[in-house]
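Chain residues, written in single-letter form:
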Amino acid sequence: MKILLAKTAGFCMGVRRAVEMALDTANRATGPVYTYGPLIHNPQVLAVLAEKGVEVLEEIPAQGRGTVIIRAHGVAPGDRSLLEAAGFTVVDATCPRVVKVQSLIRRYVDQGYGVVIAGDPDHPEVRGLLAHAGPTGRVAASAGEVDGQDLPSPVLVVAQTTQDAETFQAVVEAVKDRLGEENVQVFNTICDSTSRRQTEAAELAAAADAVVVVGGSQSGNTRRLAGIAKKTGKPVFQVETETELDPAVFAEIRTVALTAGASTPHWLIRRVHRALAEPGKSARPGLSGRLLRALFLTNLLLALGAASMCLAAVFLMGLAPSLLLPAAAAGYILSMHILNNFIGRNAFRYNDPERARFYERHRSLLLALAGGGIALCLFAGAAAGIGALVLYAAMTVIGLSYNVPLRQSERGLMAKYPRIRSLPGSKTLVVSLGWAIACALGPAAVLEASFGPALVAAAWVFCLLFARTAFFDVLDVQVDRMVGQETAATWLGAGRTLILCRWLLAGATAAASLLAWSVGGGAWLLVLVSGAPAVILVLHGRGLLHAGWMLEVVMDANFFLAGLLALAGRVAS
Ligand code: SF4
């Protein structure tokens, strides 16, 4: 079945900002954390916030303690002061676009205008806007609701930011019919993110045999999307999670459009996408597919990739090949990735439940593999000499200390960053440094390479690994924020991280070129290694590749390419 995934599906800017502010507050605050009303209309996200101890404050008490987050929909004027007066610290996550509509309303009210808001009277954004309009504010959910109302004149007509254009236009016409065009000032305040999402939903629905809309059943904008899709006459399925999909229904469908409301997180869309792509898992993968999946889940594929990268780095430094060093690199990377995945397995619950189950079910096997990886690393180090053994032992201790509390402290930096993994961007940085040491600096020290080439080779590995890890961090940024994982994307934001990835790939090309210049001959082949991740980045940016384990396998195949090119380069040289 072909899946047409909407590029606009998922959190809008305002919701993403509010959720990030709430999660950052929950991860860092020391006292209680509340949202003033439910943060968004998505029960799965609200459940995650509840798990993190974020409670919902329905009424402002006379006295309180802790932090209150004002949601993206905004609040009535005066509520913020009331919260502060009660003793709360206020984090205002009102969407800047909603703030603009509130200001517009106040400006016109000051000039003597009444206000009509085309929207759902029970929606928190509309209740907030109405409070800004004061006694001359009115709400109309449809053109029909304009008729029975006592309308002020002159009047400003605005829309709830997630309103559909057709309903808004109908309300505007109804108000003009009642008051005359000269007494009506119209501002289309529908958010462009809403219009783009609705236009794309209509286009995709027209091109598909059926439509799946993911979002909370109470989410107005999700229901509106489903309504727009239904107008094409195609069957529309509005679901909150993948468990509501009936595989039998989709067995006969050839093309399905997949979109989601503004309050639907990407990890839920990803799970629905996966369920549609693998309906019921009825087609059990063949032996090669199962083997590939097992190698991927156990991190053995990544370990073999590390061995390949080590071979390539040794070649780029102009050193003689050795089997011990790739074995040590493979053992080190295998053990560190398994152990760190155990620590971060909470994240798999959301974005890859199958991997989470695998980690629960095969705990002993994975821990044995991690132990075996450490043993292999130390054995290979010992065989290479006492200096190498000390180096690999030190690397192992540093790798294992990633999640260990450094020093208990109530104040200062140690209180804020009690572990290496609490430092901003630490996961991406530690993974990339680990690879650079295991695949380049370690071998350079053992083989007594010159300092310059060793450093450039380490920079080459570091840049490639950082770009690879940061790219996946961008895909997982929402879940990482939920579970408090510190990655490049949670620190810099998705956009800046992707820009950084491009620069790092350019840096990797420059480093490989510099080394190839000095080694000459077949080493120039390794300049190609940055090309594949660059293409993946571009294809993903154009919506042509979707997150999943196969994308990781494809990305990691680049490490094997590096090893193969190094072998080809040696033969050619
Ligand atoms: S739909 Fe637009 S205005 Fe409303 S919260 Fe999202 S970004 Fe802000």
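Worth saying up front: this structure is predicted, and the values here are computed from it rather than measured.

Re the overall build of the protein chain
Logical step 1: Counting its regular elements, the protein chain contains 26 helices and 12 strands.
Logical step 2: Projecting the C-alpha coordinates of the protein chain onto the three principal axes gives extents of approximately 90 × 60 × 45 Å.
Logical step 3: When burial is assessed residue by residue, the protein chain has 47% of its 573 residues classed as buried.
Logical step 4: For the protein chain, restricting intrachain contacts to residue pairs at least 6 apart in sequence, the fraction spanning at least 24 positions comes to 73%.

What to know about the site of the ligand
Logical step 1: Taken together, 14 residues lie near the ligand, and C12, G14, C95, T161 and C191 sit nearest.
Logical step 2: In terms of residues, the shell around the ligand owes the most to one element, helix α1 (residues 13-28), which gives 3 residues.
Logical step 3: For the shell around the ligand, the per-class residue count stands at 8 nonpolar, 5 polar and 1 charged.

Observations concerning the nonpolar core
Side chains that are nonpolar tend, in soluble globular proteins, to be buried together.
Logical step 1: Within the largest apolar cluster, 86 residues are counted, with the highest numbers of intra-cluster contacts made by A306, A313, A457, W460 and V461.
Logical step 2: The leading source of residues in this core is helix α21 (residues 451-475), at 17 residues.
Logical step 3: Discounting chain neighbours no more than four positions away, the residues touching V461 are M309, A313, W435, A436, C439 and A440.
Logical step 4: Formed by 56 residues, the second largest nonpolar core is a distinct cluster that contains A26, V33, F88 and V172.

Quick word on the sheet that holds strand β11 (residues 236-239)
Logical step 1: Strand order in the open sheet formed by 4 strands is β1-β12-β10-β11, with parallel pairing between adjacent strands. Taken across any chain shown, the strands that pair with only one partner, and hence form the sheet edges, are β1 (2-5) and β11. Across the sheet, the mean angle from the axis of one strand to that of its neighbour is 20°, orientation sign disregarded.
Logical step 2: With respect to the sheet, helix α8 (residues 192-207) is in contact with β1, β10 (210-214) and β12 (255-260), its orientation differing from that of β12 by roughly 165°.

Considering the sheet that holds strand β5 (residues 89-92)
Consider a sheet: its strands pair through backbone hydrogen bonds, and that pairing is either parallel or antiparallel.
Logical step 1: Pairing within the open sheet is parallel, and its 4 strands lie in the order β3-β2-β4-β5. Two strands lie at the open edges of the sheet, namely β3 (54-57) and β5, each paired on one side alone. Across the sheet, the mean angle separating the axes of adjacent strands is 30° when strand polarity is ignored.
Logical step 2: Where strand β2 (residues 33-36) and β3 come together, 4 bridges link them in parallel fashion. Counted as the bridge partner of Y36 is L57 from β3.
Logical step 3: On the sheet, α1 packs against β2, β3, β4 (67-70) and β5 and is oriented at approximately 170° with respect to β4.

A short note on the domain arrangement of the protein chain
Logical step 1: Under the domain assignment used here, the protein chain contains domain 1 (11-95), domain 2 (97-189), domain 3 (193-281) and domain 4 (287-572).
Logical step 2: Inter-centroid distance (C-alpha atoms) of domain 1 to domain 3 is 29 Å.
Logical step 3: If you list the elements that add at least two residues to the side of domain 1 that touches domain 3, you get α1 and α2 (43-51).
Logical step 4: The element best represented in the side of domain 1 that touches domain 3 is α2, accounting for 3 residues.

A closer look at the packing of helix α13 (residues 300-316) against helix α20 (residues 426-446)
Logical step 1: It is at 9 Å that the axes of α13 and α20 come closest, and there the two elements cross at 35°. As for how α13 packs across α20, the hand of that crossing is right-handed. Between α13, through A306, M309, C310, A313 and V314, and α20, the contact on the second element is made entirely by W435, A438, C439, A440 and P443.
Logical step 2: Looking at the contact of α13 with α20 residue by residue, the classes come out as 10 nonpolar, no polar and no charged.

Observations regarding the pairing of β2
Logical step 1: Across the two faces of β2 the burial is the same, with V33 and T35 and Y34 and Y36 all buried.
Logical step 2: With α2 bridging β2 and its parallel neighbour β3, the resulting β-α-β unit is right-handed.
Logical step 3: Pairing of β2 with β4, which is carried by 3 bridges, proceeds in the parallel orientation. Opposite V33, over in β4, you have T67 as the bridge partner.

Re the environment of A307
Logical step 1: Position of A307 relative to the elements: it lies in helix α13.
Logical step 2: For the pair formed by A307 and D192, sequence separation is 115 residues and the distance between their alpha carbons is 49 Å.
Logical step 3: Aside from chain neighbours lying at most four places away, what touches A307 is P326, A327, A329 and A330.

Definitions and limits used
Residues numbered from 1 in each chain as written. Predicted model: local features only at pLDDT ≥ 70, side-chain atom pairs only at ≥ 80, totals over all residues. Helix = DSSP H or I, 4+ residues; strand = E, 2+ residues; numbered from the N terminus. Buried ≥ 20, exposed ≤ 12 C-beta atoms within 10 Å, placed from the backbone. Contact = placed C-beta atoms within 7 Å. Near = placed C-beta within 6 Å. Nonpolar A, V, L, I, M, F, W, Y, C, P; charged D, E, K, R; others polar. Core = buried A, V, L, I, M, F, W, Y, C linked by C-beta atoms within 7 Å. Pairing = 2+ DSSP bridges. Axes fitted to C-alpha atoms, helices over the stretch in contact; angles between N-to-C directions. Domains from an automatic or database assignment. Left-handed = near helix turned anticlockwise from the far one by under 90°. Right-handed = clockwise from strand over helix to strand, strands pointing away.

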